[in-house]
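Here is what each chain is made of, one letter per residue.
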Amino acid sequence: MTNSVALITGAARGIGFATSELMVKQGWQVAMVDRDFEALQAAAHQLDHVEAFDFDISKIDQVADMTKAVLASFGRIDAVVNNAGVADFGPIDETDFSRWRDVMATNLDGTFLVSQAALPALKDTKGCIVNVASISGLRASTLRVAYGTSKAAVIHLTKQQAAELGEFGIRANCVCPGPVRTKLAMAVHTQEIIDAYHDAIPLNRYGTENEIAQCIAFLCTPEASYITGQTIAADGGFEATGVGLPALRT
Ligand SMILES: NC(=O)c1ccc[n+]([C@@H]2O[C@H](COP(=O)([O-])OP(=O)(O)OC[C@H]3O[C@@H](n4cnc5c(N)ncnc54)[C@H](O)[C@@H]3O)[C@@H](O)[C@H]2O)c1
């Protein structure tokens, strides 16, 4: 075991849980943060060298308490993985302000607040930030006015963080997953959407939680020491292809 500590939000399931599991295997201690306490407890019980922290990262007061609690337990933070996210797909004229705010509150405000609250600790360790955005932040699409806009903002927030925090030795990078069969995605992906994704993705399939976790975890390693301000799409090639029409395939 090293004594490096990763704080991972949205760690109760999906990509956040896979990242916690992988980073523990790689020798990290992990502060698993989630607002779904029951799922979080069950997830944390499966892993060694972790502790569960029941906090809602969209609430500013809870973020301050969360950082204090993590530091009281672990004494340091070397990496912050801002993974917690919510999806709400709908047309622009049906996305009322409260739906818009719910998405922004977790995806954008939460990412900003958690990073900011962890800054003093990250300055001490010359640590790093990995923000999880989405291909929906790189390419616009129908029904994602709030989700896509929140994720595009997270991509830019990452660049702001890299620009400003480099002088403290803190790196900030962004991972944009393609579709992964998690609870979040399956709540909004019909069979028709799944088939269309397969057609549009050069690798012809969804990614796995572990494939996204590998990318996130790499960016937290010393091997990534000169990488900051970058956005990496772990998406089976989706972002690279402008015209992915099935009819144009051989
Ligand atoms: N699954 C995909 O296809 C996909 C694609 C692109 C990007 N992403 C992004 O990956 C990240 C993880 O998504 P996932 O698919 O694993 O989702 P998921 O729904 O399986 O897991 C998300 C976790 O975040 C937690 N969470 C949500 N809001 C929170 C808050 N305010 N405070 C604390 N915890 C909160 C949930 O309780 C849940 O445990 C998200 O940011 C998502 O937008 C996912």
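Scroll up to find the structure.
The rules we used
Residues numbered from 1 in each chain as written. Predicted model: local features only at pLDDT ≥ 70, side-chain atom pairs only at ≥ 80, totals over all residues. Heavy atoms only, no water. Salt bridge = Lys/Arg side-chain N within 4 Å of Asp/Glu carboxyl O. Buried < 20%, exposed > 50% of the residue type's maximum accessible area, 1.4 Å probe, protein only. Near = heavy atom within 4 Å. Areas by Shrake-Rupley, 256 points an atom, 1.4 Å probe, with all protein chains shown as cover. Helix = DSSP H or I, 4+ residues; strand = E, 2+ residues; numbered from the N terminus. Nonpolar A, V, L, I, M, F, W, Y, C, P; charged D, E, K, R; others polar. Contact = heavy atoms within 4.5 Å. Axes fitted to C-alpha atoms, helices over the stretch in contact; angles between N-to-C directions. Parallel < 35°, antiparallel > 145°, perpendicular 65-115°, else oblique. Left-handed = near helix turned anticlockwise from the far one by under 90°.

Visitor: What exactly am I supposed to notice about the pattern of salt bridges here?
Guide: Between side chains of opposite charge, a pair can form as their charged atoms come close. Evaluation of the coordinates by the stated rule reveals six salt bridges. Put simply, Arg-76 and Asp-78 hold a salt bridge, and the shortest N to O gap is 2.6 Å. Owing to a relative accessible area of 9%, Asp-78 belongs among the buried residues under this scheme. The closest approach of N and O atoms between Arg-99 and Asp-88, which form a salt bridge, is 2.7 Å.

Visitor: Can you walk me through the site of the ligand in this structure?
Guide: As a structural note, the neighbourhood of the ligand is formed by 30 residues, with Arg-13, Asp-34, Asn-83, Tyr-147 and Thr-182 the closest of them. A total of 830 Å² of accessible area belongs to the ligand in isolation, and the protein chains cover 96% of it. Going through the elements one at a time, α1 (14-25), α6 (145-165) and α7 (183-186) are the ones with two or more residues in the shell around the ligand. By residue number, the principal contributor to the shell around the ligand is α7, which donates three residues. The class makeup of the residues in the shell around the ligand is 14 nonpolar, nine polar and seven charged.

Visitor: When you look at the environment of Ala-31 in this model, what are you seeing that I'm missing?
Guide: Summarising the element assignment, Ala-31 is placed in strand β2 (residues 29-34). Looking at Ala-31, the relative accessible area reads 0%, which means it is buried. Spatially, the C-alpha atom of Ala-31 lies 8.8 Å from that of His-49, the residues being 18 residues apart in sequence. Contacts of Ala-31, omitting those with residues within four sequence positions, involve Ala-6, Leu-7, Ile-8, Glu-51, Phe-53, Val-70 and Phe-74.

Visitor: Explain unusual backbone geometry here, please?
Guide: Negative phi values dominate among residues other than glycine, just as trans dominates among peptide bonds. Even without a glycine there, the phi angle at Lys-126 is positive, about 50 degrees. Its identity is not glycine, yet Leu-143 carries a phi of approximately 70 degrees, on the positive side. Inspection of the secondary structure puts Leu-143 in the loop between α5 (135-138) and α6.

Visitor: I tried to follow the packing of helix α4 (residues 97-125) against α6 on my own but got confused; where do I start?
Guide: In a pair of packed helices, the angle between the axes and the distance between the axes together describe the arrangement. At their nearest, the axes of α4 and α6 sit 8 Å apart, and the two run at 15 degrees to each other. The orientation of α4 with respect to α6, classified from their angle, is roughly parallel. Considering the relative orientation of α4 and α6, their crossing is right-handed. Only Val-145, Ala-146, Tyr-147, Thr-149, Ser-150, Lys-151, Ala-153, Val-154, Leu-157, Gln-161 and Leu-165 of α6 make contact with α4, whose side of the interface consists of Trp-100, Val-103, Met-104, Asn-107, Leu-108, Thr-111, Phe-112, Ser-115 and Leu-119. Considering only residue class, the contact of α4 with α6 consists of 13 nonpolar, six polar and one charged.

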